[in-house]
Every structure is written in C-alpha cells, then in structure tokens.
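Spelled out, the chains give:
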Amino acid sequence: NIFIETDSHSAASPPGSEIIFQSDGNLFWTLKQTDTPAADYFNAYRKSAAFAASKKQYAPGWESHSRFANPQLTRLAVDWRQPADVRLQPDSAAIDAGVNLPKDWPDPLRNLDHGQPDIGAVPAGVDALRTGIKADP
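Residues numbered from 1 in each chain as written. Predicted model: local features only at pLDDT ≥ 70, side-chain atom pairs only at ≥ 80, totals over all residues. Heavy atoms only, no water.

Attention now moves to the side chain of Thr-30. Looking at where Thr-30 falls in the secondary structure, it is placed in strand 2 (residues 27-30). Of note is the side chain of Thr-30, whose polar atom sits 3.2 Å from the backbone oxygen of Glu-5. (Helix = DSSP H or I, 4+ residues; strand = E, 2+ residues; numbered from the N terminus. Polar contact = N/O pair within 3.5 Å; in protein donor to acceptor, adjacent residues only side chain to side chain.)

In structure tokens form, the structure reads like this:
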C-alpha cells in the first residue's frame, strides 16, 4: 500500500503486539515539507520493544520492508478537488520494492507486475482504473 498524508507526517506506529496483525512492504509519504530525513522515519520504531515483539507474529517484524519515500506519482495535489493520476513514474521508490503476497491471496494484476512486486494496488506500466464523472477518457 502507499499511504500519503497531505498536511503532516506521523511516526510509524502499528498497533500493540497483542493485536493479530501483519503489515509490511508499504510506502509512506507526506505532501508537506518535513525536517525529518526519510531515512529516519522508521529508525526509532525498528529499535523499539514493539518491533521486537511483532516478530512473534511475523518473523521479519512489522514494517521491516516498508519505507518512507516520495512515490513519484504522475499527479497528486494537496487540494483534493484537483484531478489525481496515481500511476507510478519510472523513478518511483515503489517500483520493485514490495513484498510477495501468498500465492493463494487474490491479485488479478500479479502477472502484469514485472520483477519484484511494486508497492501499491496498480503495478508500474499498468493503466489505473478510471472512475468518476470527470475521469480522463
């Protein structure tokens, strides 16, 4: 998944380890300027007791392959009224950065993704679903 915050950026904080939960291979970004370097986004969490405890449910640890980076989408504005184009650009940090999903999980686009899985619902080079009354033809 790709998570983009429009006006802030919060630290990675999955639920407590007593919750049956698994999350990994996500990309996080904010449209607002931040003083925190992208490389530091997960550092504190990955050194925490919560991260160590998460390995009891998911061996690598929750969010162990996730990253904080600009997804380089074609067009995305803070103003939600502006049209968005969420296709990945060639230099996107999401390309070949995802994790493999179990083969028995439904993924109708699995065969269209080349190389390692891309992060997000639509692999690079695949046309995104067009919806809404003002969707581009």
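Now that the structure has been shown, the text picks up again.
Taken together, the side chains of Leu-31, Leu-76 and Val-78 present a nonpolar region at the surface, about 220 Å² in accessible area. With respect to the helices, strands and loops of the structure, Leu-76 is situated in the loop between strand 4 (73-75) and strand 5 (85-88). Residue class for Leu-76 comes out partly exposed when judged on its relative accessible area of 37%. (Patch = residues over 30% accessible without salt bridge, like charges linked within 9 Å, V, L, I, M, F, W, Y side chains within 5 Å. Areas by Shrake-Rupley, 256 points an atom, 1.4 Å probe, with all protein chains shown as cover. Salt bridge = Lys/Arg side-chain N within 4 Å of Asp/Glu carboxyl O. Buried < 20%, exposed > 50% of the residue type's maximum accessible area, 1.4 Å probe, protein only.)

Here the phi dihedral of Gln-72 falls at roughly 50°; this positive angle occurs in a residue that is not glycine. With respect to the secondary-structure elements, Gln-72 resides in the loop between strand 3 (67-68) and strand 4. For Gln-72, a relative accessible area of 28% gives the class partly exposed. Even without being glycine, Asp-96 reaches a positive phi, approximately 60°. When its relative accessible area of 40% is taken as the criterion, Asp-96 is described as partly exposed.

As a further point, take the pattern of salt bridges. Within the structure shown, the criterion is met by two salt bridges. The shortest N-O distance in the salt bridge between Arg-81 and Asp-79 comes to 3.0 Å. Judged by relative accessible area, Asp-79 falls into the partly exposed class, the value being 27%. Taking the shortest distance from any N to any O, the salt bridge between Asp-85 and Arg-87 comes out at 2.5 Å. The exposure class of Asp-85 is buried, given its relative accessible area of 13%.

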